[in-house]
Structure formats: C-alpha cells, structure tokens
Amino acid sequence: MVQIVPRPRLDLPERLYRLDELGTNLWWSWHPRAAWLFRSLDPVLWETLDQNPVMFLRYLNPERLRRAAADPAYVTAYDAVMDRFDALTQDNATTAWVGRHEPALVGRPVAYFSAEFGLHPSLPIYSGGLGVLAGDHIKTASDLGLPLFAVSLLYRQGYLRQRLDADGWQLDVPAELEPWGEPTTPMLAPDGRPRLVEVAFEDPAHPVRLAVWVVQVGRVPLFLLDADVEGNPDWTRTISSRLYGGDKEHRLRQEIILGIGGVRALRAVGLDPAYWHGNEGHAAFHLLERVREHVAAGLPFAEAADRVRRATVFTSHTPVPAGHDVFAAEQMDRYFGHFWPQLGLGREEFLALGRHDGSGDGFNMTALSMRLSDHRNAVSARHGEVTRRMWHDLWPGTPPEAAPIGHITNGVHLPTWINDREQDLLDRHLPIGWRDRQEDPATWEAVREIPDGELWRIHQEAKGELLEYLREYTRRRWASGLLEPGQVVASGPFLEPGALTIGFARRFATYKRATLIFSDPERLARIVNNAERPVQIVFAGKAHPADDGGKRLIQEIFWRARDPRLNGRIAFAENYDMALAARLYAGVDIWLNNPRAPLEASGTSGMKAAANGAPNLSILDGWWAEGWAADAANSNGWGIAPDGGDPERQDAAEARAFYDALERQVIPRYYDGRDADGVPTAWVRTMKEAIRTNAPAFSAQRMVIDYIRQLYLPAALGEGKVPATARRA
Ligand SMILES: *Cc1c(COP(=O)(O)O)cnc(C)c1O
C-alpha cells in the first residue's frame, strides 16, 4: 500500500481511536458491520451528513463515543471489524484471489485512469454510469487483491445537484466538495509541503501546478489531481472544479491534467505501473506522456509507441458519436505545438494519431486510444459488434468483424449494491463465503430455496423505505418553504406500497427515450389507474447542464406527474445520485429501460435492480441482450425485441410492445396467484430467477476476472516499461 501522510488526529477515546482511520478508507462503505460502527452512534446525524464518516466524527457528540467505548457489545464489534480491516494489508499477495489464481500479476500493478469515480454519495466526483462502473471496478480490484493505482481529478464542485423549479425546469446547483470533510488526504513532499506536479498548457514557460490527493479504497489508492493550488493564475484554479463543465477549451485542459498530470503524479509519488488502463477516451493523453518518456530515454517514436501499446488496455464505452471527444486541430496546435517535437514527430504525424473519418481534421481521443493500445474492448457483446463497425477503418483493409476489439460485459459491485436486508438473507441461505465466489453461478443455486415469504417481506420493507425516503426528502424541501404545491405532487406523495412499481432512472439523453411510455397517454392512463391492479412509475435522472433537450424531457415527465388524469401515480424524484439509486434498485418491483437500439452500450442500473430482485422489462440491447433468459417457465424478466425501420415507426412499435407486455404478462404475474399470506408466488419465482441468473453473470467480480484473464495478463507481460533511470522525477 502507498505510504500516505496521516491526517490531523481527532480527539477520540483511546479504545476507539482507529475509527478515524476506518472512516478515511472507503472500505467501510461496502462492509455493513463497519458502517454500523458509525451509524449506531447517532443514526440521525449519520443520515444528515450523507453517511460521511469524516464529517460525522467531527460533529458527533463526544459523549456518545465515551459511552460506546464503555459498551462491551460495541467494543467487540469494533475489534472484529478492525481485524478484518487489518487483514486487507496482511493477506494481500498469498490469500487474495489474484495471489492464488494469477500470481503473475502480484507485484505488477496497473494504473487505471478515469475522468470520474462513483464510490459513495458523499464523494461527488462522478456524474453517472461511467463513474459508478469505475468505482465498482476498483472496489473489486481491492477485493480480489489486484494491484491497482487509480487516477482522476478532484472536482471541488462535483457534477451537479439537481433541483427542479416550479415549471419542472432543471436547475444545476454545484455540489460543494470540501477536501477536509472528505476521505481525501494531500500527498506531501518530504519537507511537509504539498507535493506538486506540473503540466503545460499553451505556454510551456508557465506550467500549471497540480496538487495530488489520495483516497484509499480498500487496498487501492485513488489519486486525485487538483489545479486549485496557491500561486497558479486565477483562471487555472477552477479547471478541475467542475466535472464535464465548461466548453471545449476547458475540457481539453482537464484532459491534459488527467492524462499528462496523472502519469506525472504517479511518477512523483514513486509508483511504477507495469501496465495501464484507460477507461474511455478522456484520459488518452496518458498515452502521449508515456511515449514522451520512452523517447526521452532514447527510443525512436515507432518503438516507443510500440512499447506503450503492448502495455495498454483501452475500454470504449459508447456508440453515440457525441460521446467521443474531438478537439479542433487549431486547439491541438496551441496546446501541443511544444509537445510533439518531444515525441520526435512533426505536426502532420502528430495530428494523424487522432484522425478518424467523421471527425474531419479534428483530433479524436478514441482514435488516439485505439491506435496506442493493443488490448481493446467494448462493454457488451452487442456493443462489441457496433464498436468494431465504428472503428475498423483504423486498420485499413480490415472488415468490421475482424477489427481487433473484443468485449467484456460490464458488471456491478454486489456488496455495494445489494441492499443490507438481502445481504443478510443471502448470508443465511447461500454457501459460506459466497462473496468470494460471487461470479460462480453455482454459488447462487440456493436462491431457489429461499422461502418465498422471506424474500417478499424484505422486498416490501425496501419498498417502504424507498417511499419513506421520497416523502421525507419532499417534506424537508416543503418545510423550507422552497416548493410550490405542484412540485410536491410531482414528487410522488401518493405512491403506495401495494401498487406494482416501475423504476426508470438514467441520464436524460435523447436516445434513452425516457418519455416513450407516454406515447399513448390514454392507454397508459388505463394501465396506471386500474383500481384493482394499480401501477405506478418512479422516474429519476439528471440532464447534462448544457443539454436543453434532456431538460425538456425532464420537464415533460414533471408535467405528466402533476396531471390529475394520471392519479398521482407518476413521480419524478429529484437528484438521482448513488444514494437515491441504491434505494430505487432495492425498492421498485420492476426496472424499465427502453433505449433506441443499438445505442445502449451496456447499461448497469438494470443489473443492480436485478441483483436486488427487481426483474427487468427492457429492450434487448446492451447487457440485457445477454442477461434475459427467455425460457418461459423460468423467466427472469421481459425482453422487447428492437424493431428495425425508421425511428418513428420504431418508437411506436416498441411502445406498443411495452404496453402489451405490461398488460398481458407483468401485471397478471404481479397481482394473480397470491397465496394465503398474500405472497405472489409466481412473481417471487421471477424475482429469484433475476437474482440467481443475473447476479453472478453481471457481478463486477466476473467482469474484473474477465479483464484480468483476457486483457490484463497480456498487457502486464507485454514489457512496455520505461527504464527506471529515464523517468523524470
Ligand atoms: C448505475 C448507475 C448509473 C448507470 O445506469 P445506466 O443503466 O447505465 O443508465 C447511473 N447513475 C447512478 C447513480 C448509478 O448508480
């Protein structure tokens, strides 16, 4: 583990003094007993502070700690948690998965770059799916004992906190991140001052200085670069403040900080990755910096690029063209005019690294990544086909199906995303140590034996909690005097625990078609208003601050939710973040996803819902094209085949298919055939099938093991390292 500088010690009772250390390692967040050590001290304060142990320990009444230190039950629990926590550092090489199964990777760390990481709601350095996936990836690396250093930026204003005004228009409120109230620790130089690294923008004579923070995620350190450093010109200090904020110029500077600054930060703290993984194209400048290092060590460009390629993994995450960063040649001239000579290249050769049909003479970050990484993947089987079609021209004469891009389907970190009640239930029914073998379908066979009533009861409890959470959120906003009555109505006060509840939450990009379900308003009204078999829908999701189209979709749902004809059965829940997400996945009955195929690269929210026993009702695109088990008797959800043809026809046909599936299959299975205790046995069978089949196949543990076997091993053994003497300090 990396040596980090201790934070100022809190004044804790001697017997419990390591609570502080526990609170600064996010490991606590996926170990319910560790979380209990905090929550049980003051449950109300814990929730008020977004379950942030760093803030919590600062605001907690010391009397509560003194009492806990004198409570034998608490102290026993504390010792047990700390024993497990200490085992993290001790059993690394020999007993963790990687040591036992792939010892070649012990001592060969990977550097994992991502523009965002979703680790916990209280650390707002993520916007959505990509970040949560990166967070799940590194938590799993920690669980498996995979040596990994993660790199990203410290966004002091996070992404955005979403509020809707009285018209349903999204207001983008910054989410202030105060590093001293977070598990972020500054990296210091031996003289005790912040350790700084430099990157140049347009003017190499005046580089920008970056501070480096570290967040410990179990065994994995996550390094965060921060341009808000004293002495930097004012205009540079906000560059790392807003995730996906600002214009193209801003974005380019952020990506220079992430890619080039990221490599330099690892070097500055003395780390020497054996291979590298770029999660999406945002970090692609790390490739150029590494080529530069090899060239500085005396290699010609071609050989340097070859070394970098052999040791690099690249994952592409979207088939939507706008999802790939392209910078204008003119911009690249200004920012890289002083850089390309250091690669031994001229302007034309340099710009050619980012060239791609469809990007004009712009510099495409995905093309750069594809060219300088030998180990490439998409994130589902279907997305693999689409990605090969999009990029095969980078290998002239290669037909799409032969393009050297594979796929590894995404997965989710089950200990983070399966709610505590279900984890208790699984602890009682699955084989001991099931978390260590969660990728093995055999581990989940015992889900079939869980008594129907038990699974149904914990699901009803989770649903009650979701509705309570939505109500309390709205109550607080109402009590602060900031809401109009119409906003209260739109937030779901009439939702009821007995009604079949559909969840739909995602980024409001147009291809996700959030309003498809409203395309036949009369038919939808008949479905939701059925007095004996009511249906309700909870929507959530943010639009990018610059995306007025997405904001209009949110507004449309807001107005539908207020429409008396829909009986208060539609709700829009504000501020979709990891906290709301976890409650939604656990509390809704069914998860809906109706993207326009084939634009859903994978999707992961449906995996999280399924693992919580909420079957999917979704278009067969992305992960669901692999996850759906059509076998009627044992179905694990419902798949809607995408309809070819022009978009309008496609929308109408697919909307009809959704209504049909709801009326003929989903609703009857939910309401019919209840046993004497009111348990819908056929429905519970579907819930169990969702858990049994989807949880192992779409666990992050399965995903990371796939990365290890298919991409990490060859990259780690590709020997693309820079000689130690040639690296700059
Ligand atoms: C899982 C998750 C997502 C991604 O869901 P998609 O299915 O890809 O839309 C987005 N936001 C949050 C908060 C999540 O937890």
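### Side note on the overall build of the chain
Okay, so step 1: When its secondary structure is counted, the chain shows 29 helices and 20 strands.
Okay, so step 2: With the principal axes as the frame, the chain shows a C-alpha extent of 80 × 70 × 55 Å.
Okay, so step 3: Buried positions account for 60% of the 729 residues belonging to the chain.
Okay, so step 4: Partitioning the intrachain contacts of the chain with sequence separation of at least 6 by distance along the chain shows that 74% fall at a separation of at least 24.
Okay, so step 5: Just so you have it, the chain exposes about 27300 Å², and 52% of that area is on carbon and sulfur atoms.

### Concerning the pattern of salt bridges
Okay, so step 1: Scanning the entire structure with this criterion turns up 54 salt bridges.
Okay, so step 2: Ionic pairing is found between E102 and R709, a salt bridge with its closest N-O pair at 2.9 Å. Pair noted here: E102 is in the loop between α8 (97-101) and β1 (110-113) and R709 is in helix α29 (residues 700-716), with a separation of 607 residues, a long-range link.
Okay, so step 3: With a relative accessible area of 14%, E102 lands in the buried category.
Okay, so step 4: Taking the relative accessible area as the measure of exposure, R709 reaches 44% and is therefore partly exposed.
Okay, so step 5: Measuring nitrogen to oxygen at the nearest pair gives 3.0 Å for the salt bridge that ties D172 to K551. Pair noted here: D172 is in strand β4 (residues 170-173) and K551 is in helix α23 (residues 548-562), with a separation of 379 residues, a long-range link.
Okay, so step 6: For D172, a relative accessible area of 26% corresponds to the partly exposed category.
Okay, so step 7: A residue is classified by how much of its surface remains accessible, and K551, at 5% relative accessible area, is buried.
Okay, so step 8: Shared partners join several salt bridges into a network, and the residues in it are R156, D226, D228 and R237.

### A look at unusual backbone geometry
Okay, so step 1: Residue P598 follows A597 across a cis peptide bond; omega there is 0°.
Okay, so step 2: The phi torsion at N567 lies on the positive side, around 65°, for a residue other than glycine.
Okay, so step 3: Residue classification places N567 among the partly exposed positions, given a relative accessible area of 44%.

### Some points on the pairing of strand β6 (residues 196-199)
Okay, so step 1: Burial along β6 is one-sided: the face carrying V197 and V199 is buried and the face carrying L196 and E198 is not.
Okay, so step 2: The pairing of β6 with strand β7 (residues 208-217) spans 4 bridges and is antiparallel. Within the sheet, the bridge partner assigned to V199 lies in β7 and is V208.

### Here we look at the site of the ligand
Okay, so step 1: In the vicinity of the ligand lie 15 residues, with W417, Y585, T604, S605 and K608 positioned nearest.
Okay, so step 2: Between the ligand and the protein, one listed contact pairs an oxygen atom with a side-chain N or O atom of Y585 at 3.3 Å.
Okay, so step 3: Within the contact set of the ligand, an oxygen atom lies 3.1 Å away from a backbone nitrogen or oxygen of T604.
Okay, so step 4: For the ligand, the protein covers 93% of the area, taking 390 Å² as the surface of the free molecule.
Okay, so step 5: Considering every element that reaches the shell around the ligand, the biggest residue donor is helix α24 (residues 578-587), with 3 residues.
Okay, so step 6: Among the domains, domain 2 (97-317 + 324-371 + 708-726) and domain 3 (414-435 + 442-698) are the pair contributing at least three residues each to the shell around the ligand.

### Things to note about the packing of helix α9 (residues 129-144) against α29
Okay, so step 1: Interaxial distance between α9 and α29 falls to 9 Å at its minimum, and their mutual angle equals 80°. Relative to α29, the element α9 is oriented roughly perpendicular. Contact with α9, carried on its side by L133, D136, H137, T140, D143 and L144, involves A700, Q701, M703, V704, I705, Y707, I708 and Y712 of α29 and no other residues of that element.
Okay, so step 2: Among the residues making up the contact of α9 with α29, the classes are represented as 9 nonpolar, 3 polar and 2 charged.

### Describing the sheet that holds strand β20 (residues 637-640)
Okay, so step 1: Strand order in the open sheet made by the 6 strands is β17-β16-β15-β18-β19-β20, with parallel pairing throughout. Edge positions in the sheet fall to β17 (570-573) and β20, since each of these pairs with one other strand and no more. Strand-to-strand twist of the sheet, defined as the mean angle between neighbouring strand axes without regard to direction, takes the value 20°.
Okay, so step 2: Bridge count for strand β15 (residues 500-505) against strand β18 (residues 590-593) is 2 bridges, and the pairing is parallel. Bridge assignment links G503 to a residue of β18, and that residue is W591.
Okay, so step 3: Along the sheet face, α23 touches β16 (535-540) and β17 and points at about 135° away from the line of β17.

### Details of the side chain of S369
Okay, so step 1: The residue S369 is located in helix α16 (residues 365-371) in this model.
Okay, so step 2: Looking at S369, the relative accessible area reads 2%, which means it is buried.

### Remarks on the packing of helix α2 (residues 32-39) against helix α6 (residues 72-90)
Okay, so step 1: Running from amino to carboxyl end, α2 crosses α6 at an angle of 140°, the nearest separation of the two axes being 10 Å. In terms of their interaxial angle, α2 and α6 are classed as oblique. In the crossing of α2 with α6, the sense of the turn from one axis to the other is left-handed. Contacts between α2 and α6 pair R33, A34, W36 and L37 from the former with Y74, A77, Y78 and V81 from the latter.
Okay, so step 2: Among the residues making up the contact of α2 with α6, the classes are represented as 7 nonpolar, no polar and 1 charged.

### Looking at the nonpolar core
Okay, so step 1: L19, L22, F285, F336, F350 and Y712 are the most contacted members of the largest nonpolar core, which totals 135 residues.
Okay, so step 2: Considering each element in turn, this core owes the most residues, 11 residues, to α29.
Okay, so step 3: Residues from two domains meet in this core; each of domain 1 (14-89) and domain 2 (97-317 + 324-371 + 708-726) gives at least three.
Okay, so step 4: Ranked by size, the runner-up nonpolar core spans 91 residues in total, among them L500, F504, A540 and A609.

### Re the domain arrangement of the chain
Okay, so step 1: Under the domain assignment used here, the chain contains domain 1 (14-89), domain 2 (97-317 + 324-371 + 708-726) and domain 3 (414-435 + 442-698).
Okay, so step 2: Taken residue by residue, the interface counts 16 residues in domain 1 and 16 residues in domain 2.
Okay, so step 3: Summing both partners gives a buried area of about 1300 Å² for domain 1 against domain 2, and 60% of it is carried by carbon and sulfur.
Okay, so step 4: Remark: the boundary between domain 1 and domain 2 carries 0 salt bridges.
Okay, so step 5: At the boundary of domain 1 with domain 2, the tally comes to 5 residue pairs in polar contact (both at pLDDT 80 or more).
Okay, so step 6: Residue assignment for the side of domain 1 that touches domain 2 shows that the elements contributing at least two residues are α4 (53-59) and α6.
Okay, so step 7: Residue contributions to the side of domain 1 that touches domain 2 peak at 3 residues, all from α4.
Okay, so step 8: Split into classes, the residues belonging to the side of domain 1 that touches domain 2 amount to 8 nonpolar, 6 polar and 2 charged.

### Some points on the environment of A403
Okay, so step 1: Mapped onto the fold, A403 is located in the loop between α17 (381-391) and β14 (406-407).
Okay, so step 2: Here A403 falls in the buried class, since its relative accessible area comes to 5%.
Okay, so step 3: With 74 residues separating them in the primary sequence, A403 and R477 have C-alpha atoms 53 Å apart.
Okay, so step 4: Residues in contact with A403, not counting those within four places in the same chain, are R388, H392, W395 and T398.

About the criteria used
Residues numbered from 1 in each chain as written. Predicted model: local features only at pLDDT ≥ 70, side-chain atom pairs only at ≥ 80, totals over all residues. Heavy atoms only, no water. Helix = DSSP H or I, 4+ residues; strand = E, 2+ residues; numbered from the N terminus. Buried < 20%, exposed > 50% of the residue type's maximum accessible area, 1.4 Å probe, protein only. Contact = heavy atoms within 4.5 Å. Areas by Shrake-Rupley, 256 points an atom, 1.4 Å probe, with all protein chains shown as cover. Salt bridge = Lys/Arg side-chain N within 4 Å of Asp/Glu carboxyl O. Pairing = 2+ DSSP bridges. Near = heavy atom within 4 Å. Polar contact = N/O pair within 3.5 Å; in protein donor to acceptor, adjacent residues only side chain to side chain. Domains from an automatic or database assignment. Axes fitted to C-alpha atoms, helices over the stretch in contact; angles between N-to-C directions. Parallel < 35°, antiparallel > 145°, perpendicular 65-115°, else oblique. Nonpolar A, V, L, I, M, F, W, Y, C, P; charged D, E, K, R; others polar. Left-handed = near helix turned anticlockwise from the far one by under 90°. Core = buried A, V, L, I, M, F, W, Y, C linked by side-chain atoms within 4.5 Å. Buried area = accessible area lost by both parts, 1.4 Å probe.

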